[in-house]
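Structural overview
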Amino acid sequence: MSTHFKYTFDTPLYKATSSFNSGLYINGEFVDPAEGGTIEVINPATSQIVGHVSAGTKKDVDLAVEAAKKASKTTWGLKVPGKTRGRIISKIADLVEQNVDELAALESLNTGKVFTVTKHLEILGSVNTLRYYAGWADKVHGKTIETDENKLAYTRHEPYGVVGAIIPWNGPLGMLIWKLAPALATGNCIIVKPSEITPLTALKFASLLNEAGVPPGVVSIVVGYGNTVGAAISEHPLIEKVAFTGSTLTGRKILEASARTNLKDVTLELGGKSPNIIFDDADLEQAVKWASMGIFFNMGQVCCAGSRIFVQEGIYDKFVPAFTAAAKALAGATGDPFSPTTQHGPQVSQTQFERVMGYIQSGKSDGANVLIGGERYGNDGYFIQPTVFTECKPDMKIIQEEIFGPVAAIIKFKDEAEVIEQANNTVYGLACAVFTENVSKAIRVAHALEAGSAWVNCMLSIHDNVPFGGYKQSGIGRELGEYALETYTQVKSVHVNIGQRL
Ligand SMILES: NC(=O)c1ccc[n+]([C@@H]2O[C@H](COP(=O)([O-])OP(=O)(O)OC[C@H]3O[C@@H](n4cnc5c(N)ncnc54)[C@H](O)[C@@H]3O)[C@@H](O)[C@H]2O)c1
């Protein structure tokens, strides 16, 4: 019943056949799931099935954990010097880089993301993340701490052993690497569950791991549904930590599963409703460009998308038409993700398409004004026009809830105090942006907003060496940077008696 994925790309930007085992990758090899089952893979640009992958269950997670446990005590963990782990992570980076076009093509086929963006930002971005953490692998260390002259105390930053990673569909390979790279650098073994909607790049990635020299069991990729494989990871008594990116609803379930079972450490990267504040003194042209990218990038399927755009009354009448023109230009570049002129593709799935259209409908019925868009695009695939709402009220669903689609809501404001209060009036706190030429105001407002990332005169700025994560219900813990290393290690304090006699 072994599954194999084969697809021939014949596009202006990529022509080749991609072919790989699409079973479960456990203990260094591709295997069939213990209890069978397959998942259809859909191309969201056409809504056609393009192949099948295996679907695992709890039994497969158990096998992966068993293999990981063994590897963490023998061929990985602190038994392996950091520089060796770093070299292996670097080799993974090299192999991802060598396969960049195929990985980008698979990602675009499965998600509908624009090929050039996928290639340069997501796949090559993942290469950079791997290299960044490869460099950390031999630099994870504790402290010696002065106590008294008879004692020596020091700390060790030890890996958890086996960690789990549950990945969303909006950044399938990118979000996987954000978790896998620091996990391996700190000496953990990792069991990854890709989203059942977008499993292709994780499986192609798995096919590179043996060549990179990753010992069997150190990485397992178990594709499957959330309520089977995802739940099995969250509840597993031998998985000591789980890193999750996805919806706040699922994040709660993972935290509950941890509380019910072994109190595993949990990091959560959840949703957002990020405010983007444009003050009267902003550089109008720049503010329009960043704001448009900030909400429409990846068809709005970005956790930190600037979905609430607050515009001060003095610039409002200039900003709104310019922003609408930017949305119109993007709408004109809607189409096949593999066309060189495309900038706007489909939503990832039928479910997401319906969800976003439902929010657009609710905005209309609640009395918000559609300036542009508001409808599906074409008849095939899950395309939605870039949509701009004005006349929005604070209690509307489109202002309160995460839409995760190409839908911008513009809100007019008078002064700084008022906009800070409105911007913070959300359960989320992932990111925020401020556009102004006044440095003091920029810093004052950035500090006053309740969010894990604050962008001044830019948006969606993410760097491997800068932490990323949420305040409030947008998450727990941080990914990226040195900060992520802490979330994959536990600190042991060692006290050595060098002279005290009882
Ligand atoms: N913050 C983000 O980056 C992000 C990413 C994806 C989705 N979302 C939000 O979530 C909404 C719904 O998308 P979704 O349904 O695909 O997200 P989701 O949270 O259901 O899925 C994310 C991952 O969690 C897994 N999962 C689902 N149920 C689980 C469970 N009970 N236990 C363990 N794992 C489980 C899924 O299989 C997937 O791998 C979106 O509209 C969006 O608002 C946010």
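Residues numbered from 1 in each chain as written. Predicted model: local features only at pLDDT ≥ 70, side-chain atom pairs only at ≥ 80, totals over all residues. Heavy atoms only, no water.

Per an unreviewed UniProt entry, the protein goes by the name Aldehyde dehydrogenase domain-containing protein and belongs to Hohenbuehelia grisea.

Attention shifts here to helix 9 (residues 248-260). With 13 residues, helix 9 should reach 18 Å at 1.5 Å per residue; the first-to-last C-alpha distance of 18 Å fits that figure. T248, G251, I254, A257 and S258 are the residues of helix 9 that are buried. Against strand 9 (162-166), helix 8 (226-235), strand 12 (241-245), strand 13 (265-269) and strand 19 (428-429) lie the buried residues of helix 9. (Helix = DSSP H or I, 4+ residues; strand = E, 2+ residues; numbered from the N terminus. Expected span 1.5 Å × (residues − 1). Buried < 20%, exposed > 50% of the residue type's maximum accessible area, 1.4 Å probe, protein only. Contact = heavy atoms within 4.5 Å.)

Now for the side chain of N110. Looking at where N110 falls in the secondary structure, it is placed in helix 3 (residues 100-111). Apart from residues lying up to four places away in sequence, N110 is in contact with V41, I42, P44, I197, T198, P199, L200 and V348.

Annotation from UniProt places "active site" (unreviewed entry) at E269. Mapped onto the elements of the fold, E269 is located in strand 13. In this view, E269 contacts M175, F244, T245, G246, C303, L430, F468, S474 and E479; residues no more than four positions away in its chain are not counted. (UniProt positions renumbered as here; feature names shortened; annotations may be inferred.)

With that settled, consider the pairing of strand 18 (residues 407-413). Counting buried positions along strand 18 gives 6 out of 7 residues, so the element sits mostly inside the fold. Where strand 15 (residues 308-312) meets strand 18, 5 bridges bridge the pair, whose relative direction is parallel. The residue bridging I309 from the neighbouring strand is I410, located in strand 18. With 3 bridges joining them, strand 17 (residues 387-390) and strand 18 adopt parallel strand pairing. Residue pairing for strand 18: F389 is matched across the bridge by A409. (Pairing = 2+ DSSP bridges.)

What follows concerns the sheet that holds strand 15. In spatial order, the strands read 16-17-18-15-14-20-21; together these 7 strands make up an open sheet with mixed pairing. Across the chains shown, the open sheet's two edge strands, defined by having one partner strand only, are strand 16 (369-372) and strand 21 (453-456). Between one strand and the next, the sheet's axes are offset by a mean angle of 25°, whatever the strand orientation. Of the strand pairs in this sheet, strand 14 (residues 275-278) and strand 15 are connected by 4 bridges, and their pairing is parallel. Its bridge partner being in strand 15, N276 is matched across the sheet by I309. Across the sheet, helix 12 (residues 350-365) lies against strand 16, strand 17 and strand 18, angled at about 25° from strand 17, the strand it touches most. (Axes fitted to C-alpha atoms, helices over the stretch in contact; angles between N-to-C directions.)

Glancing now at the site of the ligand. In the region of the ligand, 27 residues are neighbours, and I167, W169, E196, S247 and E402 sit closest. Contacts to the ligand include I167, whose backbone N or O atom sits 2.8 Å from an oxygen atom. Here an oxygen atom of the ligand sits 3.0 Å away from a polar atom, N or O, in the side chain of R355. Considering the ligand on its own, with 810 Å² of exposed area, one finds that the protein chains cover 88% of that surface. Per element, the largest residue contribution to the shell around the ligand is 4 residues, and it comes from helix 8. Among the residues forming the shell around the ligand, the class breakdown is 10 nonpolar, 11 polar and 6 charged. (Near = heavy atom within 4 Å. Polar contact = N/O pair within 3.5 Å; in protein donor to acceptor, adjacent residues only side chain to side chain. Areas by Shrake-Rupley, 256 points an atom, 1.4 Å probe, with all protein chains shown as cover. Nonpolar A, V, L, I, M, F, W, Y, C, P; charged D, E, K, R; others polar.)

Following the UniProt record, the feature "domain: Aldehyde dehydrogenase" (unreviewed entry) maps to residues 31-494 here. Along residues 31-494 one finds 41% helix and 20% strand; the C-alpha atoms at either end are 42 Å apart.

A separate point is helix 10 (residues 284-296). Counted at 1.5 Å a residue, the expected span for helix 10 with its 13 residues is 18 Å, and the 18 Å between its end C-alpha atoms agrees. Inspection of helix 10 places A287, V288, A291, S292, G294, I295 and F296 among the buried residues, and these make up the whole buried set. Taken end-on, helix 10 shows its buried residues confined to a sector of 165°, consistent with a single buried face. Close packing links the buried residues of helix 10 with strand 14, strand 15, helix 11 (313-331), strand 17, strand 18 and strand 20 (431-435). Taking the backbone nitrogen of E285 as reference, a side-chain oxygen 3.3 Å away marks D283 as the first, capping residue of helix 10. Where helix 10 ends, the next residue or the one after it, N298, has phi of about 55°, a positive value. (Arc of directions from axis to C-beta.)

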